[in-house]
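Now for the letters of each chain:
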Amino acid sequence: MLELTNGGRCVSGLDAVEFFETLPDSIDDDLKDEAFCNEYGYALNRLRYEVSKSIPIPPKVLKAYSKGHKDFYSCGACGFSLRMEIDKYCPNCGRAVGRVGLPHEGASGNTNVL
Ligand SMILES: [Zn+2]
């Protein structure tokens, strides 16, 4: 039975994808029938999909049009509204939220407004 533990050494998601992309080269050709190749391809697609969700996407920013209003942030992947103080991942699609180049204070670009 598959045991899903959260321990032990791990490689990064991208390294895992790279490993599984090269793995078929080390498997005997006699073992790689059509059914195996199809299942392997489906599993690799799932791995790529799951790893892609962990790669941060910068949010879309709608700048506040006047003082007293906050900038509006939405998910760069699906457009769902984000609470930048709280959300590290999009609540709708699960994609990691990139924060490079954003103000450290969080969602408000108008940090001098009380
Ligand atoms: Zn999203």
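Before reading further, recall that the structure is shown in the block above.
Residues numbered from 1 in each chain as written. Predicted model: local features only at pLDDT ≥ 70, side-chain atom pairs only at ≥ 80, totals over all residues.

(A) View of the environment of Lys88. You can see Lys88 is positioned in the segment after strand E2 (72-74). Under the C-beta neighbour-count criterion, Lys88 is labelled exposed, with 10 such atoms within 10 Å. As for Lys88 and Arg99, which are separated by eleven residues in sequence, their C-alpha atoms are 9.0 Å apart. Dropping the residues within four chain positions of it, Lys88 is found in contact with Ala96 and Val97. (Helix = DSSP H or I, 4+ residues; strand = E, 2+ residues; numbered from the N terminus. Buried ≥ 20, exposed ≤ 12 C-beta atoms within 10 Å, placed from the backbone. Contact = placed C-beta atoms within 7 Å.)

(B) Layout of the nonpolar core. Core analysis: the largest hydrophobic core is formed by five residues, namely Tyr73, Cys75, Leu82, Met84 and Cys90. The contact partners of Leu82, leaving out residues within four places of it in the chain, are Pro59, Tyr73, Ser74, Cys75, Asp87, Cys90 and Val97. (Core = buried A, V, L, I, M, F, W, Y, C linked by C-beta atoms within 7 Å.)

(C) Quick peek at helix H2 (residues 34-53). The end-to-end C-alpha separation of H2 is 29 Å, in line with the 28 Å expected for 20 residues at 1.5 Å each. Little of H2 sits out of view: just zero of its 20 residues are buried. (Expected span 1.5 Å × (residues − 1).)

The values reported here are purely geometric and, on their own, carry no functional implication.
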